[in-house]
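Structural characterization, general
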Amino acid sequence: MNCPNFKKCGGCQLQNMDYDRQLRFKQAQVVKLLGRFHRVSNIIGMKDPTHYRNKVQAAFGERGGKLISGVYQSSTHKIVPVDDCLIEDKIADSIIVTVRKLATSFKMRAFNDTTMRGFLRHVLVKRGFVSGQVMVVLVTNDGEFKSSRSFINALLQRHPEITTIVRNINTRRTSMVLGEKSEVLYGDGYIEENLGGFRFRISPKAFYQINPVQTQVLYGKAVEFADLKGNETVVDAYCGTGTIGIFMSKNAGKVIGVELNSDAVNDAKHNAKLNGVKNIEFYNADAGKFMVEMAELKMKADVVVTDPPRAGCSLEFLHSVLKLAPEKVVYISCNPKTLARDLKTLINGGYKVKKIQPVDMFPFTEHIETVCLLSK
Ligand code: SAH
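Not measured: the values here are computed from a predicted model.

To continue, consider the overall build of the protein. When you go through the protein residue by residue, the secondary structure sums to ten helices and 16 strands. In terms of overall dimensions, the protein is globule-like: its C-alpha atoms have a radius of gyration of 22 Å, near the 21 Å expected for 376 residues. Dimensions of the protein, computed from the C-alpha atoms along their principal axes, are close to 65 × 45 × 35 Å. A buried classification covers 55% of the 376 residues belonging to the protein. When contacts within the protein are restricted to residue pairs at least 6 apart in sequence, those whose partners lie at least 24 apart make up 67%. Carbon and sulfur atoms make up 50% of the accessible area of the protein, which amounts to about 17300 Å² in all. Within the protein, one finds 53 positive and 37 negative side-chain charges whose respective centroids are separated by 4 Å.

The next thing to look at is the environment of Met-248. Within the fold, Met-248 resides in helix H6 (residues 243-249). Along the sequence, Met-248 and Arg-109 sit 139 residues apart, while their C-alpha atoms lie 47 Å from each other. Apart from residues no more than four positions distant in its own chain, Met-248 is found in contact with Ala-222, Val-223, Ala-226, Leu-228, Val-234 and Val-305.

Taken domain by domain, the protein consists of domain 1 (7-48 + 211-375) and domain 2 (55-195). For domain 1 versus domain 2, the distance between C-alpha centres works out to 31 Å. Counting each side, the surface lost to burial between domain 1 and domain 2 is near 980 Å², with a carbon and sulfur contribution of 75%. Area buried by domain 1 at its contact with domain 2 is led by Lys-8, Cys-9 and Pro-212, which between them contribute 45% of it. The tally of links from domain 1 across to domain 2 stands at zero salt bridges. Taken together, the links from domain 1 to domain 2 amount to zero residue pairs in polar contact (both at pLDDT 80 or more). Secondary-structure elements contributing two or more residues to the side of domain 1 that touches domain 2 are helix H1 (6-9) and helix H5 (212-226). In terms of residue count, the dominant contributor to the side of domain 1 that touches domain 2 is H5 (four residues). Of the residues in the side of domain 1 that touches domain 2, the class split is eight nonpolar, five polar and one charged.

Here the focus is the sheet that holds strand E3 (residues 79-81). The strand order across the open sheet formed by seven strands is E3-E2-E1-E4-E5-E6-E7, and the pairing between neighbours is mixed. Both edges of this open sheet fall to E3 and strand E7 (181-186), since each of them pairs with a single strand only. Across the sheet, the mean angle separating the axes of adjacent strands is 35 degrees when strand polarity is ignored. Pairing between strand E5 (residues 134-140) and strand E6 (residues 162-169): seven bridges, direction parallel. Residue Leu-138 lies in a different strand from E6, and its bridge partner there is Arg-167. Across the sheet, helix H3 (residues 90-105) lies against strand E1 (55-63), strand E2 (66-72), strand E4 (120-127), E5 and E6, angled at about 150 degrees from E4, the strand it touches most. Each of E5, E6 and E7 is contacted by helix H4 (residues 148-158), which is oriented at about 145 degrees to E6, the strand it contacts most.

If you trace the seven strands from one edge of the open sheet to the other, you get E12-E11-E10-E13-E14-E16-E15, paired in mixed fashion. Taken across any chain shown, the strands that pair with only one partner, and hence form the sheet edges, are strand E12 (280-284) and strand E15 (352-359). Along the sheet, successive strands turn relative to each other by an average axial angle of 15 degrees, direction set aside. Two strands pair when backbone bridges link them, and strand E14 (residues 328-333) and strand E16 (residues 369-375) are joined in this way by six bridges, in the antiparallel orientation.

Inspection of the entire model under this criterion finds nine aromatic pairs. These aromatic residues form a ring-pair network of at least three members: Phe-106, Phe-119, Phe-145 and Phe-151. Note that Arg-201 overlies the ring of Tyr-190, its terminal NZ or CZ placed 3.7 Å from the centroid.

Below, the discussion takes up the site of the ligand. Among the 16 residues in the neighbourhood of the ligand, the closest are listed as Gln-209, Tyr-219, Glu-259, Asp-286 and Ala-287. The contact in question runs from an oxygen atom of the ligand to an N or O atom on the side chain of Tyr-219, over 2.6 Å. Between an oxygen atom of the ligand and a side-chain N or O atom of Glu-259, the distance comes to 2.6 Å. Summarising the interface, the protein chains cover 86% of the accessible area of the ligand, which totals 570 Å² for the free molecule. Residues that form the shell around the ligand fall into these classes: nine nonpolar, four polar and three charged.

Roughly 430 Å³ of internal volume is contained in the second largest pocket. Taken together, 21 residues form the lining of the second largest pocket, with Gly-61, Glu-62, Phe-111, Asn-112 and Asp-113 sitting closest to its centre. When residues of the lining of the second largest pocket are traced back to their parent elements, those giving at least two are E1, E2 and E4. Sorting elements by how many residues they give to the lining of the second largest pocket places E1 first, with four residues.

Summarising the element assignment, Thr-365 is placed in the loop between E15 and E16. Polar side-chain contacts of Thr-365 include one of 2.8 Å to the backbone oxygen of Phe-362. Those residues within four positions of Thr-365 in sequence are excluded, and the remaining contacts are Gly-11, Cys-12, Gln-13, Leu-14, Lys-26, Tyr-52 and Ile-87.

Looking at the secondary structure, you find Asp-113 in the loop between H3 and E4. Accessibility expressed as a relative area gives 28% for Asp-113, which makes it partly exposed. For the pair formed by Asp-113 and Asp-48, sequence separation is 65 residues and the distance between their alpha carbons is 38 Å. If we ignore the near neighbours within four places in the chain, the residues touching Asp-113 are Tyr-72, His-77 and Arg-173. Separated by 2.6 Å, the side chains of Asp-113 and His-77 make a polar contact.

Here is what the cut-offs are and how they apply
- Residues numbered from 1 in each chain as written.
- Predicted model: local features only at pLDDT ≥ 70, side-chain atom pairs only at ≥ 80, totals over all residues.
- Heavy atoms only, no water.
- Helix = DSSP H or I, 4+ residues; strand = E, 2+ residues; numbered from the N terminus.
- Rg over C-alpha atoms; globule rule 2.2 N^0.38 Å.
- Buried < 20%, exposed > 50% of the residue type's maximum accessible area, 1.4 Å probe, protein only.
- Contact = heavy atoms within 4.5 Å.
- Areas by Shrake-Rupley, 256 points an atom, 1.4 Å probe, with all protein chains shown as cover.
- Lys, Arg positive; Asp, Glu negative; His and termini not counted.
- Charge placed at Lys NZ, Arg CZ, Asp CG, Glu CD.
- Domains from an automatic or database assignment.
- Buried area = accessible area lost by both parts, 1.4 Å probe.
- Salt bridge = Lys/Arg side-chain N within 4 Å of Asp/Glu carboxyl O.
- Polar contact = N/O pair within 3.5 Å; in protein donor to acceptor, adjacent residues only side chain to side chain.
- Nonpolar A, V, L, I, M, F, W, Y, C, P; charged D, E, K, R; others polar.
- Pairing = 2+ DSSP bridges.
- Axes fitted to C-alpha atoms, helices over the stretch in contact; angles between N-to-C directions.
- Phe/Tyr/Trp six-rings, centres within 6.5 Å; stacked < 30°, edge-to-face > 60°.
- Lys NZ or Arg CZ within 6 Å of the ring centre and 35° of its normal.
- Near = heavy atom within 4 Å.
- 1 Å grid on protein atoms, 1.4 Å probe; cavity = no way out; pocket = protein on both sides within 12 Å on 5 of 7 lines; lining within 4 Å.
- Points joined across faces, edges and corners; volume = space filled by probe spheres on them.

Quick look at the structure:
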């Protein structure tokens, strides 16, 4: 596949390989990093590996007096204009192009991160592939949003599929897209998505898996590995909006979710209600500190599911897992390097690796997702 922005964008590091070769490449990486712990099952790829991203964000800037939108050139602050992308949702991409055209006709200025002046910084779109709901977040500097009513009406007229529009205000000198304050301009301020027979609320700041097709596969493997019998206590660490815990709640006695982002925890609590799940509790805390407390209080856990960010689990977290001594640990990782590091700690503490299953959540990129089962 040929993308005109391949070199400049840097988002799809494996762009020059056909999809089968990408899968072989990733499989070899996992075998290299994790093969010494256990045999690695064959990576599960996608039937159609394109346009899988349900969350798309574009940076706005100006060039030659005209508004541009796209991605930051890798490790720089220069915007590479992008109108459509091989891995992004097509509807989301087309909404961003429309926002740029409208912003141009409304004489809106882009934010300039050197002078810290101007208005429009980023546009973020999240779409529920199954529910069809679409959220547009306009990230702006502070100050009046001139003619906001007509702007929103014009956008809705061109994209009736949009179900909510949020303005987020980010005034800081930062590479983070979203700022603290948000204001709902249209609709509910969040979208809902359906996955595995459940309903999930997704708000602007909460993490939600970006590849819905493969998320179902990934969670399916996690459920299979946990192999719950019905009365276990399950910890869902780094639980985001509670999706994995809710998936497992049907076959568990009790689920305890822990997550650092308070917006995600609010969504998680709401999601439990939305799905009528009563045997689940969510805590807003650092997963490591929370586990230390659980271990000190001698609380029981039969299965610990952990799904940390790229940095992996903290030592504090892993040592508390060893103290809690659950029968099984299901480790979902988006970085096989930190997974290898953390597996060593768990193995030294008495666990055995039983299964290693890579799932391709991020075709065309170098990123690798792996589910791993350990037991005592
Ligand atoms: N399991 C979820 C989310 C995984 S992403 C899902 O499948 O959707 C990782 C999550 O870890 C994010 O929601 C992030 O906010 C959270 N996180 C990051 N650092 C954390 C910490 N120290 N303690 C608890 N949660 C943390």
